[in-house]
Amino acid sequence: MMITSLQRLSIRIQLFLLTLAITLPFVVMLGLFLNHELKQLHKEAYAKVQIIANNSASDIASRLHRYQQTLLRIASRPQVKALDPQHCDPLLKEFVQLSPEFTTLSLRDKNAQPICSYLSQPPSTRQLEQFPWFTEAIQTQHFTLGDADVGSSSGRWVAVLAQPVFNPALGGLLILPLDLLKFSKDVFHSTPAQTIITVIDQRNIIALHSGDAATWIGQKTKYTTSARPNELSIIKNEDGISRLNSFATVPGTKWRVFAGIPEAEVFAEYTQYLWYSLTLSIIFLILALLLAWRISIFIIQPISRLVRTARQVAEGDTHTRASVDGPLEIKAVAKQFNGMLDAWQHSEAVRYDSALHTQTILDNMADAVITINQRGIIESFNQAASAIFGYSHAEITGKNISLLMPEPHRSHHDSYLQNYQSSEARIIGVPREVEGLRKNGQLFPMSLSVSKINLTGRITFIGLIRDITQNRENEQEIRRLAFYDPLTGLANRRLLADRLRQAMITSARNGQHGALMFLDLDHFKQLNDNLGHDLGDLLLQQVAERLQNCVREGDSVARLGGDEFVVLLEELSTNPHEAVTQTELIASKILEELGLPYALNEHVYSSTPSIGIVLFLEDLESMEELLKKADVAMYQAKSAGRNTARFFDPVMQAAAAAHDESVRDLRRGFAGQEFVLQYQVQVDNNGEITGAEALVRWNHPERGLVAPLEFIPLAEETGIILPLGQWVLETACNQLHQWSLQPLTANWSMAVNVSALQFTQANFVEHVSYALKKTGVNPRKLKLELTESMLIDDIEDIIDKMNHLKKQGVSFSLDDFGTGYSSLSNLKQLPLDQLKIDQSFVQDIMSDPSDAIIARAIIVLGHSLGLKVIAEGVETQEQRDFLMVIGCVAFQGNYFGKPLFAHELNMQTDPGDAAASSI
Ligand SMILES: Nc1nc2c(ncn2[C@@H]2O[C@@H]3COP(=O)(O)O[C@H]4[C@@H](O)[C@H](n5cnc6c(=O)[nH]c(N)nc65)O[C@@H]4COP(=O)(O)O[C@H]3[C@H]2O)c(=O)[nH]1
């Protein structure tokens, strides 16, 4: 309790109290010691004054006794005893003269009548018998001392000494008035000045006085009334000075002697000591308090500075620091305080950075971040929120969040907030899609995620809002792209699959047939190539429109890509024949509609479709199977001359399956590096080998060496010809390089077949250059064989590519010449080097005159165009000879050598060097 109270006091007061607590016991001890000393002093003083009183009393008594003895002697004188006035003793006079302290000496009878008086003064006329001393002396017949009184004859203060005269008959008294003034001087002549001895009679009248006796004798004293012998007291004497008094009774009398020594004198040393002590104590106390005060300053000043610094910090001056001074502990506190400030400032800086970081993130976020309090009042609103809702931070802060909500949410918002607070588990942190209201009144979809935080007991809701308008639009666009063909707006494959699935379910439920029509446009590729893709697209859009006009509302039209369309007919008859009829009707309508001319910008274009149809009932097949069947049927329609419709035929289906299997096998074979090259020599008219033609074979694991005509068309159809052709080119060049290193084959050239697809590749020239560079062969030794069929395409592009390669030294041969339809004008434009007479003309050249004529014509044509001519497929000497006769000087055929692998060919040409040069 006391400690608690102390704790409330300031350090200064506590220090003062501590100082007092330390000094007070010393002061108390000093006081006790002084008190003890005082008592001792008192005792000693009282003893001393008592001695003075006793001595004075004894002295007076002895003097009185002497006077009594004298009076006795006088009384015993016969003249006195006789009490005869006539014969008065002369001794009386003598005695009085010798003793100036007596005013007179008289003798009186028992009736107080004067008998003798040898007076220096006339005898008193007063009635002495009225004085007690008289009566007492008469009655007791003893020496009696009277009280102080003014002598009637002397007028001076006297005390009567009465000595009975031993005359039994007459009685009588010898009366001797003692001059008290003189007696006082005698008795007290050696009394110290400041010591007062007062002798009082039984009436408390001062009889003797050691001081100013003339003044005091006869005065009544106040202090004597209750005084008893040996009783000590401090009395203020008549002179006003306090004295220590004691008294003693004068033996044999009723007089009392009061002795007094000045208190000041007695206690002078003590008082001085007391004053010293007090002064020292006070000085000590003051010094101690000053020290405490100084210490308190030492302590309080740095604390005050510390408090001041803390206040400055609290007011925002975070850079101020406490001065590190004062006592060690406070220094340590100041140091710690500064350290704490540094740490706090650092953490503030970190927090500021973090807040800035967060704010920057918030400001740069694409999402709106809005914080509200428990009442729904907006407390913060980031830039994205302003951008989304259209309100500035200043105009929305402090407003209710319901402002950003459309009705009815706005009215219900308070209950929403309740929900956030009560059933938060369901709502907090779960993103929801709701509608927002912009400042301009526009509604928009938004994703809202609310979190709740408890900031020092204050609940804040943070809303993370994303404007998902674009998302919605994107979703719609994605849905459109996902399910619709962007060019025609028709359903795409995905949506078709969905609708077909539905149609199959319906068919399974009601037993009605459905039909899937697969159609493509005849010669669409040509339109695209000749008139451009834009017109091609225009055609597709018009076809889509016409197709939609041909079907009922419940039917679907889809585009799978390119010029491939699918029509899905639903709810046909349950009877298969009727269903076929119904389908045929619609197919006819489609053929008719699509066969009408199209206006493609300024072009009028005619197109026809080929339609493959498959009927379905229930959901027994997948869409892919149905589509495949319809596809097969469509090829049937194409095979049947196009512009017609065909229902699915299972035989064709099998062919299609085989085709698919071949494609798979081809892909696998290429991936498995199953292709190899054989080389067939080309000779001149002397039979000298001038080079060879590279011929690809498929070294099939099951089928053995497969001839190119069995897989090249498939490779072209599937595009595998592109990597395969490049492989052939590089492998052949590599072999050419090998030959260039051998003297016998060093001049050989290499003919490589190039398919149309390869040649139309945009970067065909680069591919050839790459193969040349990679193998390092002389380009002049490379001869690329083109087929006539490829010359119908973009002739400009072909010429351009040929020229590029020719510049490098590469030569060109036109393969199978005579079987195609190459126009002469085309032929003249092409930078060809050689024409190759197709082996079909060579084969029957000896038996069929027309072949011979054609062969001759080709040779003449070639020569007229400045081209070399080579005949292929030469099997016999006759054929070679005939060809030579008609002007052919280059040959290729089994007659000169069948196609061989490189090592076989090397063995033939130079058996000794075969091993070294084989690849
Ligand atoms: N009956 C008979 N035939 C002979 C005679 N001399 C040569 N042949 C055959 O005639 C074809 C000549 O090749 P091609 O006209 O370019 O005709 C080639 C060529 O158009 C194509 N081809 C071959 N290799 C490739 C290639 O690497 N790329 C491309 N794109 N096509 C190639 O495949 C076609 C067929 O090639 P092959 O089956 O190897 O058939 C070769 C060859 O074996 C003979 O005396 N009698």
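Our subject is the structure that appears above.
Numbers given for residues are sequential positions, taken from 1 along each chain in its written order. Per-residue local features are limited, in this predicted model, to residues with pLDDT of at least 70; the limit for side-chain atom pairs, both in listing and counting, is 80 or more; totals at the level of whole chains, interfaces and linings are taken over all residues. Heavy atoms throughout the structure, all of them, feed into the side-chain values; hydrogens and water do not.

1. What to know about the side chain of Asn-245
- The numbering of helices and of strands both runs from the N terminus, where a helix is a DSSP run of H or I of at least 4 residues and a strand a run of E of at least 2. Looking at where Asn-245 falls in the secondary structure, it is placed in strand β9 (residues 242–249).
- Each residue's exposure class comes from its accessible area (1.4 Å probe, protein chains only) as a fraction of the maximum for that residue type: buried when under 20%, exposed when over 50%, partly exposed otherwise. On the basis of relative accessibility, which here comes to 1%, the residue Asn-245 falls in the buried class.
- Each polar contact in these results corresponds to two N or O atoms within 3.5 Å; when the atoms are within protein, one needs to be able to donate a hydrogen and the other to accept it, and residues that are neighboring in sequence are counted only if both atoms are side-chain atoms. Polar contacts involving the side chain of Asn-245 include one to the main-chain carbonyl oxygen of Arg-243, which spans 3.0 Å.

2. So, the sheet that holds strand β14 (residues 443–455)
- Only strands joined by at least two bridges in the DSSP assignment are considered to pair. Spatial ordering of the open sheet is given by β12-β11-β15-β14-β13, a layout of 5 strands whose pairing is antiparallel. What marks the edges here is a single partner per strand, and that holds for β12 (378–381) and β13 (432–437). Strand after strand, the sheet turns through a mean of 35 degrees between neighbouring axes, direction not considered.
- By the bridge criterion, 6 bridges tie β13 to β14 in an arrangement that is antiparallel. When the bridges of β14 are listed, Glu-433 appears paired with Ser-447. Throughout, an axis means a line fitted to C-alpha atoms (over the contacting stretch in the case of helices), and angles, computed between N-to-C directions, take values from 0 to 180 degrees.

3. Examining the site of the ligand
- The environment of the ligand is made up of 22 residues, and the closest members are Arg-697, Asp-815, Gln-839, Glu-875 and Asn-894.
- Residue Val-696 places a main-chain N or O atom 3.1 Å away from a nitrogen atom belonging to the ligand.
- In this structure, an oxygen atom belonging to the ligand sits 2.8 Å away from a side-chain N or O atom of Asp-815.
- Considered on its own, the ligand offers 780 Å² of accessible surface; in the complex 85% of this is hidden by protein.
- Looking at the shell around the ligand, the elements that each hand over two or more residues are β24 (689–700), α22 (708–718) and β28 (811–817). What makes a residue near a molecule or strand is one non-hydrogen atom of that residue sitting within 4 Å of it. Here, Shrake-Rupley sampling with a 1.4 Å probe gives the accessible areas, and only protein chains in the shown set may cover a residue.

4. As for the pairing of strand β21 (residues 609–616)
- Extensive coverage of β21 is indicated by the burial of 7 of its 8 residues.
- Two strands pair when backbone bridges link them, and strand β16 (residues 514–521) and β21 are joined in this way by 8 bridges, in the antiparallel orientation. The residue of β21 that forms the bridge with Met-517 is Ile-613.
- Inspection of the sheet shows β21 paired to strand β22 (residues 645–647) by 3 bridges, in the parallel sense. Note that in β22 the partner of Ile-613 across the bridge is Phe-647.
- Here is how to tell: hold the view so the strands point away, follow the path from the first strand over the helix to the second, and if it runs clockwise the crossover is right-handed. After leaving β21, the chain enters helix α20 (residues 623–639) and then returns to the sheet as β22, a path that is left-handed.

5. A few points about the pattern of salt bridges
- Salt bridge, as applied in this entry: a Lys or Arg side-chain nitrogen positioned within 4 Å of an Asp or Glu carboxyl oxygen. In total, this model carries 30 salt bridges according to the counting rule given.
- Note that Asp-467 is salt-bridged to Arg-438, the shortest N-O span being 3.1 Å. On the criterion of sequence distance, the pair formed by Asp-467 in strand β15 (residues 458–467) and Arg-438 in the loop between β13 and β14 is long-range, its members being 29 residues apart.
- On the accessibility criterion, Asp-467 (23% relative accessible area) is partly exposed.
- Residues Glu-785 and Lys-836 are paired through a salt bridge, measuring 2.6 Å at the closest nitrogen-oxygen approach. Of this pair, Glu-785 sits in strand β27 (residues 782–787) while Lys-836 sits in strand β29 (residues 834–837); the two residues are 51 residues apart in sequence, bridging distant segments of the chain.
- For Glu-785, a relative accessible area of 0% gives the class buried.
- What makes Lys-836 buried here is its relative accessible area of 0%.
- A cluster of three or more residues bridged by salt bridges with shared partners is formed by Glu-693, Glu-785, Lys-836 and Glu-872.

6. Regarding unusual backbone geometry
- The backbone phi angle of Arg-642 is positive, close to 70 degrees, even though this residue is not glycine.
- With respect to the helices and strands, the residue Arg-642 is situated in the loop between α20 and β22.
- Residue classification places Arg-642 among the partly exposed residues on the basis of a relative accessible area of 35%.

7. Comments concerning the sheet that holds strand β17 (residues 556–561)
- The mixed open sheet is built from 5 strands, whose spatial order is β17-β18-β16-β21-β22. In the strand order of this sheet, the two ends are held by β17 and β22, each with one partner. Between one strand and the next, the sheet's axes are offset by a mean angle of 20 degrees, whatever the strand orientation.
- Relative to strand β18 (residues 564–569), β16 is paired through 6 bridges, and the arrangement is antiparallel. Pairing of Asp-520 across the sheet is with Glu-564, part of β18.

8. Topic: helix α16 (residues 493–510)
- The span you would expect from a helix comes to 1.5 Å times its residue count less one. Between its first and last C-alpha atoms α16 spans 25 Å; for 18 residues at 1.5 Å apiece the expected length is 26 Å, and the two agree.
- For α16, the set of buried residues is Leu-495, Leu-496, Leu-500, Ala-503, Met-504, Thr-506 and Ser-507.
- The inward-facing, buried residues of α16 abut α15 (469–483), β16, β17, β18, β21 and α20.
- One side-chain oxygen at the N-terminal end of α16 lies 3.1 Å from the backbone nitrogen of Arg-494; it belongs to Asn-492.
- Positive backbone phi, approximately 75 degrees, marks Gly-511, located one or two places after α16. Note on contacts: a residue pair qualifies if any of its non-hydrogen atoms lie within 4.5 Å across the two residues.

9. Concerning the packing of aromatic side chains
- Note on aromatic contacts: the rings of Phe and Tyr and the six-membered ring of Trp form a pair at centre separations within 6.5 Å, being stacked when their planes are under 30 degrees apart, edge-to-face when over 60 apart, and tilted otherwise. Throughout the structure, instances matching the rule amount to 15 aromatic pairs.
- Here the aromatic rings of Trp-133 and Phe-134 are separated by 6.0 Å at their centres, their planes lie at 80 degrees, and the arrangement is edge-to-face. The two residues Trp-133 and Phe-134 agree in class, both being buried.
- Seen in terms of ring centroids, Tyr-679 and Trp-739 are 5.3 Å apart; in terms of plane orientation they differ by 70 degrees. Their pairing is edge-to-face. Of this pair, Tyr-679 sits in strand β23 (residues 675–684) while Trp-739 sits in helix α23 (residues 721–740); the two residues are 60 residues apart in sequence, bridging distant segments of the chain.
- Counting every residue linked through ring pairs, the aromatic cluster contains Phe-670, Phe-675, Trp-698 and Phe-711.

10. A closer look at the nonpolar core
- The term nonpolar core refers to a set of buried residues drawn from Ala, Val, Leu, Ile, Met, Phe, Trp, Tyr and Cys, joined through side-chain atoms within 4.5 Å. Membership of the largest hydrophobic core comes to 73 residues, with the highest contact counts inside it found for Leu-784, Ile-837 and Leu-883.
- Aside from chain neighbours lying at most four places away, what touches Ile-837 is Phe-817, Val-842, Ala-855, Ile-858, Ile-859, Val-869, Ile-870, Ala-871, Glu-872 and Leu-883.
- In this structure, Ala-75, Ile-115, Ala-213 and Tyr-270 belong to the second largest nonpolar core, which totals 60 residues.

Bear in mind that shape data such as this cannot, by itself, settle questions of function.
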